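# A closer look at the structure
Next come the chains, spelled out residue by residue.
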Amino acid sequence: MTEFLTLGIETSCDETSAAVIDGEGRVRSNVIASQAAAHALYGGVVPEVAARAHLENLPATFEKALADAGILLSDVNLVAATAGPGLIGALLVGLSAGKALAFARGVPLYPVNHLEGHLFSAYLHADGSPAREVVYPFHGLVVSGGHAELVRVESDRVVPLARTRDDAPGEAFDKVARRAGLPYPGGPVIDRIAARGDGSRVKLPVGRVSDGSRDFSFSGLKTAMLREFARLGVDGEPLDPDALPQELVDLFASFQRAVVSALLGRVEDVHAAEGIRRLALSGGVAANTELRAALAGWGRERGVSVLLPERSLTTDNAAMIAWAGLLRFRRDGPPDVAAGNARSRWPLGVA
Ligand code: KG4
Ligand code: ZN
């Protein structure tokens, strides 16, 4: 087989995933085993539970990724595994497996920054067609359960421009949903509820950090929501998302509106300061209906090309890790073996 095949492995949080992409970024397979059910009981991800579940799920996930792609391990030319940021025990499972596979096959192992994986995910197609060409520079907005990062991506570096100081937007969705007695994860549930609500009904504070930086803060918004819950007598008893009083539906719609306008506000600030030609959205919260529509509309108004990731590629998956690993490998060549350690913290822009 002459094509260049990359095997991706992702185990940073609560999704065990393995994928195969080819040299043109065609997704040949992308298998995701979600642990959401195992964590739903606790209303959030439990690190030890995650690490154990990765250990159990990875062998079958990896076998299926090879089978779906119709290849053997001996066809793989590069292994790319998430090395951070994430839960250290969870990361170690995938990264160690990646190292072992690469060592056994005598091919390079690329340790990938999970956020960089998200950053480039908007360039991939889930249907097996080649990836879009990556044109530098572009701006990236990564919004997930653990992160909110606005960056400028140049061909040889990533420049951070704004990040969250406290809760990430996905975390805010999840925490607010949990306090209201809605199922985990909260993002998709609130997205669905908000579709029937009026987001202009309740005025909620949109976080601005007082030191004049462009960083995000979602903790004030979360506190305001808790006050509203107390006022409405919402005490955390399980609620049926499809049978909520309209006042509560409007409150969730207003919460979503506040998150979306905070994100859009920062994008607008950066556009005013340095001009954005291309904006790639990514991360779990990139699945949000209102955020997608708002950014697409903003792009049309400003003449900015906005790349929205396909929904199936917004949450954690190994195809995006394989793709980021392949792009790096092409740019930098085989990685330094010492760089292959798991790191729970690994900010974008740091080598
Ligand atoms: O990127 P991801 O899979 O994991 C992290 O790296 O954090 O993101 C998961 C997050 C969760 O907080 C989830 O509630 C949120 O993405 N999410 C959404 C939607 N779908 C997933 N948030 C808002 N609207 C959605 N439709
Ligand atoms: Zn993620």
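Reading guide: rules and limits
Residues numbered from 1 in each chain as written. Chains lettered and ligands numbered in written order. Predicted model: local features only at pLDDT ≥ 70, side-chain atom pairs only at ≥ 80, totals over all residues. Heavy atoms only, no water. Phe/Tyr/Trp six-rings, centres within 6.5 Å; stacked < 30°, edge-to-face > 60°. Helix = DSSP H or I, 4+ residues; strand = E, 2+ residues; numbered from the N terminus. Buried < 20%, exposed > 50% of the residue type's maximum accessible area, 1.4 Å probe, protein only. Lys NZ or Arg CZ within 6 Å of the ring centre and 35° of its normal. Pairing = 2+ DSSP bridges. Axes fitted to C-alpha atoms, helices over the stretch in contact; angles between N-to-C directions. Contact = heavy atoms within 4.5 Å.

## Some thoughts on the packing of aromatic side chains
Scanning all chains against the criterion turns up 7 aromatic pairs. On the numbers, 5.9 Å between centres and 25° between planes, the contact of F4 with F329 is stacked. Of the two residues, F4 is situated in the segment before β1 (6-10) and F329 in helix α10 (residues 318-332); the sequence distance between them amounts to 325 residues. Among the residues examined, F329 registers a relative accessible area of 17% and is labelled buried. Note on F173 and F255: the rings are 5.2 Å apart at their centroids and 80° apart in plane angle, and the pair reads as edge-to-face. Of this pair, F173 sits in helix α5 (residues 169-180) while F255 sits in helix α8 (residues 246-274), placing them 82 residues apart in sequence. Of the aromatic side chains, those joined through ring pairs into one cluster are F120, Y123, Y136 and F138. A cation over a ring is seen here: R343 above W346, with NZ or CZ 3.9 Å from the ring centre.

## Points about the pairing of strand β5 (residues 109-113)
Most of β5 sits inside the fold, with 5 of its 5 residues counted as buried. Examined bridge by bridge, strand β4 (residues 78-84) and β5 share 5 bridges and lie parallel to one another. Each residue of the ladder has a partner; that of A81, found in β5, is P111.

## Concerning the sheet that holds β5
The 5 strands lie next to each other as β3-β2-β1-β4-β5, forming an open sheet whose pairing is mixed. Edge strands, defined here as strands with exactly one partner in the open sheet, are β3 (27-34) and β5. Ignoring which end each strand starts from, the neighbouring axes of this sheet average 20° apart. By the bridge criterion, 4 bridges tie β1 to β4 in an arrangement that is parallel. Counted as the bridge partner of L7 is V79 from β4. Of the strands in this sheet, β1, β2 (15-21) and β3 are in contact with helix α2 (residues 47-69), which crosses β2 at around 20°. Docked against the sheet, helix α3 (residues 88-105) engages β1, β4 and β5, running at close to 155° with respect to β4.

## Here's the deal with the sheet that holds strand β8 (residues 157-163)
Read from one edge to the other, the open sheet built from 5 strands follows the order β8-β7-β6-β9-β10, with strand pairing classed as mixed. Each edge of the open sheet is held by one strand with a lone partner, namely β8 and β10 (305-307). Geometrically, the sheet is characterised by an average inter-axis angle of 20° between neighbouring strands, direction not taken into account. Note: strand β9 (residues 278-282) against β10, 3 bridges, orientation parallel. Note that in β10 the partner of R278 across the bridge is S305. The strands touched by α8 within the sheet are β6 (138-143), β7 (148-154), β8 and β9, with β6 carrying the most contacts at an inclination of about 160°.

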